[in-house]
Amino acid sequence: MDRTVNHTLHNGTSSTMPLRRRTSSLLAMACVTLLAACSNGNEANDARPAQPNGPSPIPSATTRTLVDRGTYSTSPTNLLLDPGFSFGAGEGGAGAFLAFYEANFASYEFDTTIDSRSPAGFGSAVANIKPANATDTSSRAVLMLSSFLGGEGPFTVRIWASKSDAAGNPVDLVTGEDGITVSVAEDDPTGAAYELQPVPSASRVSGGRTWTLLELRLPKALPYGGFFLVRTGRGGGQHLVAAPEVLADPLVAALGTRSLEAPNATLVPRAVTSAERSAIVRYRSLPPRLVAPRAPHRPSKLD
Amino acid sequence: MSRPRARFALTALAALVSLGTVATFSSPAAARTSFDPAQGTLLIPHDENLLLAVDFETPESLVGLARGRWIQGADDITFNVTPITDPASAASLLTNGGDDAVSGAHAARFDRNGGGLVLADPALFAKVAGARFEVSLWMRTEGPSPELRVVYDRSPEQISIQPFASVRGVRTGRETSDGWAEFVVGPLDGTVWGVSPVAVIVAPSAFSRSSGEFLLDALEVRRVDGAETPAALCTTQNVDAVCGGEGDCIFGRCVSSTVTWGMLPSPAHRREIAERWIHYATRVIGDRKAAEIGRSFFTPAARTLATDSVSSRQFFGGLNRLVNLLRDNHTSFGAPANFTSFGPLVQGGSSSVLGACFGVVEKDIAGGGIGYGVFRATEKPISGTPLRRGDLLVSIDGRDPKEWVDEVWPRYASALPNDPEADWGPSANDLSRLIAMRAARVSLARCASASACDATSRTIIDIDVASAVSGAVTGTIPADTSPSVGCSQRFTDTAEVVGSRGQEDPVFTATGPNGETRVQFDGFVGGGTWKSKMKAVFQDSPAKVMMDARMGHGGYLDSVDYLLGLLRGKDDPMGVVMLGRASYATEDATWLFGRASSCALGVTTASQWICWQANASGVFANVETPPGVNTRIAWLNTYDVSANDFMPRLLQGRSSFHVFGPHPTSGAFGAVGSLPGVWTNWSGGSIQIQDSRFGSDMTEASNARWESGHGVAPDTVVTQKLSDAIVGVDTIVTVATAWLESQ
């Protein structure tokens, strides 16, 4: 069942968004209530709701439960190649997350950290987008992006986000122009972008920090692929993002461990912004590497 | 730098918690902590297998342990240890309960300055000699990525980042909703080839830059059923029978797979790892031939490994082999961060224990055919048996050397050539190291002369590799042993090699005996210096040039394009269209080539989105009159991949261009991308994200085959002759020189 509600975020601001909630499965609700406590077989991501379009309330950390977590923080079929932000800025290339200051497209190198209390757990790193000289109320806008292979879909796109003040203390997440915007852009500069929306019922509190799940159901094909874009605005502070995920339903279904329902979402496309276009141009301008791989090696006494 | 104390009093046993198991969580290992859902805390079962438990409830519980951190010294990274002898000094480490403890009311907290915790009790480790044990604990982190590791070494006095053996702990999957996770290392052997553990270390990686804190709680050391892996003589072929499913065979003897490939993941984690690689191998990879192998062979085999493996050797070693058998030289599984001698993969060709580097030879005086001969040798190798240039490898563990290589190399190589016919050169380069790691005995033939090497005129040299290498691994290497040398598939250099390699591939030049210019270079990692040297070679339109690329490791398309512009003009058209996959579901679609092929001619404002989305690029000869267009070029190949595939392929068909070598190049025609580490403590692998079509124009290219998997065959197949090797003559250079002079 889809409906539109007036959603009040933690900071008291309001936004109107489509909210998708499925109420037919008590079992699913119970599993989601325990977050990852219900083992989902081959599925890796205990951080995300057990069903792509049916997140349900998740308890705060005050009720500690034992959970059975996968080794990765996102699905093995995640179309994003580096959901753990493990490639450094110098790596670049296919699948890497790169970031730029929106004003001049100067390269921005985000920090990563392991916070096991985050939705990513020990499975992958959290990216911390802290623009230089950011204050609690002012910051330079940053665009962070990666590309992914397309196909028939439909797709489910997710990421967890949280916010800190300039000193690193948790504060309420703000979405929109001054806060964080996460989008999927089509392959074409004249094509559309689709913004992920907060799923308030899936918020997670741990270590005094609230993590908000942003999600998009995209019931359409992306035949030529797409871009996953994270924009942090000029409203100050720093943003943490974790466990980004682009899933194609057929690939998830092939794992045979997750129930899927036909998408019934209301899509609100928008035009790709000029800043997003420019970031994508720079993202893909990296030269191809044609070097055979060599693993890190420390010579031993037998070398 | 302070040095660790050798011994610590073990008093932590006195601090065992009072236990009462409320609920038992199903775990594949022996009963570790159980979780009390009512209290939200862990309980440590107190049974006869529990050797040590630290609950961190009181400062006294830490006495007998130590604090420590990794320190970068001049020559090594070592772990600096400070024993905890006074409860007062440990009090500040304890947390104040609540969420900051998962067992009882307190845990231990370490920040970047605090380093980590060390358990270094010989009395404890003596209890598990001849038996097996495991170490488990629970951790939560707010920044650093702490590692649990058990270190084996002969001397407990100094813990090195490169000890005798080391096994790192992994997450089991048992975690709490607020960020605590169980880590375990084990079952481990009580000793490894007689060497005992010297420390259990829980600390951030020596290479960690992250600040913040991590917490640990519920540390247990438990005896586990089973006996140590006996150090029995073994081979790769009989490892399962001799060493058992959980054992590995390295340096000719059995050892626990934990010290080579690391910990075996849980079944659920194995399924995830296998599925992620199935995703890479079927929905991400750009190499069309490899993708088909991914669907038909890799997918079912990887799922079987996830289900059936009983050791990390079987699982990770098996996956490494499967990835290699995709046959894409750009696609690699990655490697465990094992910096001991027990690292399982062959990385970097060196003369190693045999003190010899092998090359591909034609056995012209030894019955014919292709084989492995010694190209370089040191005077005093670890094996104690000096070899000579021209010695011929005749058997490895009683088998034909190439048969042995075909079976063993895919298991331990970082990547294999796309074209199996190209295996000879790369495998020859790896061979000495591979033999040292994975063979027990080798035999070589030493010919009586450069003209006599039949059965009656050769000396057979048998070398007990296993004894030599295990002695070196477990003991010391004599001081007068010759230093190891790096291996090369150049029998001789064609230009003087001076200086060390910088950011770019060096380009060395010389003048040959007939006045030809000789250029020795390894690849196309080329910036301004590389380009200026190449330009200098051709700008005056030399008549004859020998391009010695026999160790061609690839580089950048930009450099390939640059050299193409020096050597082939637009009136002799040739180019390549490089394309990514059409989608996750299929490599090709009817729209792909038509939509994106023009990107090979240059990216315009109008086409840039299409080019980038299709991962499309390429080059076409577009220079009116290149300075080297009429230069007669002899191109020497042997161990060549990637950009070193592209360049000779783009020059093929050009007049006065001739490739010399023993076999095709690798056939890796596409750009490579990095992959994240597949598991805890693993370095990432890589994957080819494109494939390529060649042609003189777009129409021809559109009808061409996908090129990956098809190495560039030499125009003249020439291999270093054994007879020439014995007298120091470089056959390939000789033949190429003659060709340059022939017209």
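Cut-offs used in this document
- Residues numbered from 1 in each chain as written.
- Chains lettered and ligands numbered in written order.
- Predicted model: local features only at pLDDT ≥ 70, side-chain atom pairs only at ≥ 80, totals over all residues.
- Heavy atoms only, no water.
- Helix = DSSP H or I, 4+ residues; strand = E, 2+ residues; numbered from the N terminus.
- Buried < 20%, exposed > 50% of the residue type's maximum accessible area, 1.4 Å probe, protein only.
- Contact = heavy atoms within 4.5 Å.
- Lys, Arg positive; Asp, Glu negative; His and termini not counted.
- Charge placed at Lys NZ, Arg CZ, Asp CG, Glu CD.
- Phe/Tyr/Trp six-rings, centres within 6.5 Å; stacked < 30°, edge-to-face > 60°.
- Lys NZ or Arg CZ within 6 Å of the ring centre and 35° of its normal.
- 1 Å grid on protein atoms, 1.4 Å probe; cavity = no way out; pocket = protein on both sides within 12 Å on 5 of 7 lines; lining within 4 Å.
- Points joined across faces, edges and corners; volume = space filled by probe spheres on them.
- Nonpolar A, V, L, I, M, F, W, Y, C, P; charged D, E, K, R; others polar.
- Core = buried A, V, L, I, M, F, W, Y, C linked by side-chain atoms within 4.5 Å.
- Salt bridge = Lys/Arg side-chain N within 4 Å of Asp/Glu carboxyl O.
- Polar contact = N/O pair within 3.5 Å; in protein donor to acceptor, adjacent residues only side chain to side chain.
- Buried area = accessible area lost by both parts, 1.4 Å probe.
- pLDDT = per-residue confidence, 0-100.
- Axes fitted to C-alpha atoms, helices over the stretch in contact; angles between N-to-C directions.
- Parallel < 35°, antiparallel > 145°, perpendicular 65-115°, else oblique.
- Pairing = 2+ DSSP bridges.

A few words now on the overall build of chain B. Looking only at helices and strands, chain B has 17 helices and 40 strands in total. Dimensions of chain B, computed from C-alpha atoms along their principal axes, come out at roughly 90 × 70 × 45 Å. By residue count, 63% of the 743 residues in chain B fall in the buried class. Taking the contacts inside chain B whose residues are at least 6 apart along the sequence as the reference set, 74% of them involve residues at least 24 apart. One finds the centroid of the 62 positive side-chain charges in chain B at a distance of 2 Å from the centroid of its 78 negative side-chain charges.

Turning our eyes to something else, we now look at the packing of aromatic side chains. All names here are of chain B. Considering all chains together, one arrives at 33 aromatic pairs over all chains under this definition. Centre to centre, the rings of Phe-251 and Phe-342 are 5.8 Å apart; their planes meet at 55°, and the pair counts as tilted. Of this pair, Phe-251 sits in the loop between strand 16 (247–250) and strand 17 (253–256) while Phe-342 sits in the loop between strand 18 (335–336) and strand 19 (356–362), and the two are 91 residues apart along the sequence. According to the relative accessible area criterion, Phe-251 is buried, its value standing at 0%. What links up through ring pairs into an aromatic cluster is the set Trp-261, Trp-277, Tyr-280, Phe-298, Phe-315, Phe-316, Phe-333, Trp-679 and Trp-682. It is Arg-389 that lies over the ring of Phe-491; its NZ or CZ is 3.9 Å from the centre.

In this section: empty space enclosed by the protein. Residues and elements named next belong to chain B. Considering all chains together, one arrives at 10 cavities of 30 Å³ or more under this definition. The wall of the largest cavity is formed by 21 residues, among which Ser-166, Arg-168, Gly-262, Ala-337 and Asn-338 lie closest to the centre. The greatest single-element share of the lining of the largest cavity, amounting to 3 residues, is contributed by strand 11 (residues 165–168). Class assignment of the residues belonging to the lining of the largest cavity gives a composition of 11 nonpolar, 8 polar and 2 charged.

Another point: the environment of Ala-90 of chain B. All names here are of chain B. One can find Ala-90 in helix 1 (residues 87–91). Judged by relative accessible area, which is 0%, Ala-90 ranks as buried. Not counting chain neighbours up to four residues away, the residues in contact with Ala-90 comprise Pro-59, Leu-62 and Ile-84.

So, on to the environment of Ala-134 of chain A. Residue and element names in this part refer to chain A. Assignment of secondary structure puts Ala-134 in the loop between strand 6 (126–129) and strand 7 (142–148). As for Ala-134 and Ala-166, which are separated by 32 residues in sequence, their C-alpha atoms are 6.3 Å apart. Among all residues touching Ala-134, those that are not within four sequence positions of it are Ser-139, Ala-166 and Gly-237.

Residues Tyr-152, Phe-298, Phe-342, Leu-431 and Ile-435 of chain B are the most contacted members of the largest nonpolar core, which totals 122 residues. Membership of the second largest hydrophobic core comes to 35 residues, among which are Phe-97, Ala-127, Phe-155 and Tyr-194 of chain A.

Residue and element names in this part refer to chain B. One can find Asp-189 in strand 13 (residues 181–189). Despite being buried, Asp-189 has no salt bridge partner; Arg-132 is the closest side chain of opposite charge, sitting 5.0 Å away. A polar contact of 2.9 Å, which involves the side chain of Asp-189, links it to the backbone nitrogen of Thr-229.

The next subject is the environment of Pro-344 of chain B. All names here are of chain B. Relative to the helices and strands, Pro-344 is located in the loop between strand 18 and strand 19. Since its relative accessible area comes to 2%, Pro-344 is described here as buried. With 93 residues separating them in the primary sequence, Pro-344 and Met-437 have C-alpha atoms 8.2 Å apart. Apart from residues lying up to four places away in sequence, Pro-344 is in contact with Thr-260, Trp-261, Pro-336, Asn-338, Tyr-412, Met-437 and Arg-438.

Below, the discussion takes up the interface of chain A and chain B. Between chain A and chain B, the residue contacts involve 79 residues of the former and 98 residues of the latter. Together chain A and chain B conceal approximately 7500 Å² of surface at their shared face, both sides included; 56% is due to carbon and sulfur atoms. Counting every contact that joins chain A to chain B gives 3 salt bridges. Glu-175 of chain B is the salt-bridge partner of Arg-69 of chain A, the closest N and O atoms lying 3.6 Å from each other.

Should their charged atoms come close, side chains of opposite charge can pair. In this structure the tally under the stated criterion is 51 salt bridges over all chains. One salt bridge connects Arg-231 of chain A with Glu-102 of chain A, and the closest N-O pair in it is separated by 2.7 Å. Here Arg-231 of chain A is found in strand 14 (residues 226–232), whereas its partner Glu-102 of chain A is found in the loop between strand 4 (98–101) and strand 5 (111–115), with 129 residues between them in sequence. Here Arg-231 of chain A and Glu-102 of chain A have matching classes, each one buried. Between Glu-707 of chain B and Arg-705 of chain B there is a salt bridge, with the nearest N and O atoms lying 3.2 Å from each other. Under the relative-accessibility criterion, Glu-707 of chain B is labelled buried at 4%. Assessed through its relative accessible area of 47%, Arg-705 of chain B is described here as partly exposed. Several salt bridges converge on common partners, so that one network encompasses Asp-115 and Arg-117 of chain A together with Asp-100, Arg-109, Arg-140, Glu-142 and Glu-213 of chain B.

The next thing to look at is the pairing of strand 38 (residues 691–695) of chain B. Burial of strand 38 of chain B is extensive: 5 of the 5 residues sit out of reach of the surface. Taking every second residue as pointing to the same face, both faces of strand 38 of chain B are buried, with Asp-691, Arg-693 and Gly-695 of chain B on one and Ser-692 and Phe-694 of chain B on the other.

Moving on to the confidence of the model for chain A. Low pLDDT marks stretches whose predicted atomic positions should not be read closely. Averaged over all residues, the pLDDT of chain A equals 76, while 67% of them reach at least 70. Of the regions scoring below 50 in pLDDT, residues 258–264 of chain A engages in 24 contacts with residues more than four places distant in sequence or in other chains.

Residues and elements named next belong to chain B. Between helix 4 (residues 267–284) and helix 6 (residues 312–324), whose axes approach to 12 Å, the crossing angle comes to 10°. Relative to helix 6, the element helix 4 lies roughly parallel. Every residue of helix 6 that contacts helix 4 at Arg-270, Ile-273 and Trp-277 is listed here: Phe-315, Phe-316, Leu-319 and Val-323. Looking at side-chain class alone, the contact of helix 4 with helix 6 contains 6 nonpolar, no polar and 1 charged residues.

What follows covers unusual backbone geometry. Residue Pro-154 of chain A is bonded to the preceding Gly-153 of chain A through a cis peptide linkage, with omega at -5°. Tracing the backbone through its elements, the reader meets Pro-154 of chain A in the loop between strand 7 and strand 8 (155–164). Omega for the peptide link from Gly-186 of chain B to Pro-187 of chain B comes to 0°, which places this bond in the cis form. Of note, Pro-187 of chain B is situated in strand 13. Residues other than glycine seldom take positive phi values, yet Asn-133 of chain A does so here, at roughly 65°. With respect to the helices, strands and loops of the structure, Asn-133 of chain A is situated in the loop between strand 6 and strand 7. Overall, the relative accessible area of 74% leaves Asn-133 of chain A in the exposed class. Within the chain, Ser-541 of chain B stands out as a residue other than glycine whose phi angle is a positive 50°.

With that settled, consider the side chain of Ser-103 of chain B. Residues and elements named next belong to chain B. With respect to the helices and strands, the residue Ser-103 is situated in the loop between helix 1 and strand 6 (108–111). Among the polar contacts made by the side chain of Ser-103, one reaches the main-chain carbonyl oxygen of Leu-42 at a distance of 3.4 Å. When residues no more than four places from it in sequence are discounted, the contact partners of Ser-103 are Leu-42, Asp-55, Glu-57, Asp-217 and Ala-218.

Residues and elements named next belong to chain A. The 6 strands lie next to each other as 4-7-14-10-11-16, forming an open sheet whose pairing is antiparallel. Edge positions in the sheet fall to strand 4 and strand 16 (269–271), since each has one partner strand and no second. Pairs of neighbouring strands in the sheet enclose a mean axial angle of 30°, with direction left out of account. This element, helix 3 (residues 274–283), spans strand 4, strand 7, strand 10 (180–185), strand 14 and strand 16 of the sheet and lies at about 60° to strand 7.

With that out of the way, let us pick up the sheet that holds strand 31 (residues 617–620) of chain B. All names here are of chain B. Judged by pairing direction, the sheet is antiparallel, and its 3 strands sit side by side in the order 31-30-38 without closing on themselves. Edge positions in the sheet fall to strand 31 and strand 38, since each of these pairs with one other strand and no more. Sheet twist, expressed as the mean angle between neighbouring strand axes with direction ignored, is 15°. Direction of pairing for strand 30 (residues 575–579) relative to strand 38: antiparallel, over a ladder of 5 bridges. Paired with Val-576 across the bridge in strand 38 is Phe-694. Strands in contact with helix 11 (residues 557–567) are strand 30 and strand 31; relative to strand 31, the strand with the most contacts, it is inclined by about 10°.

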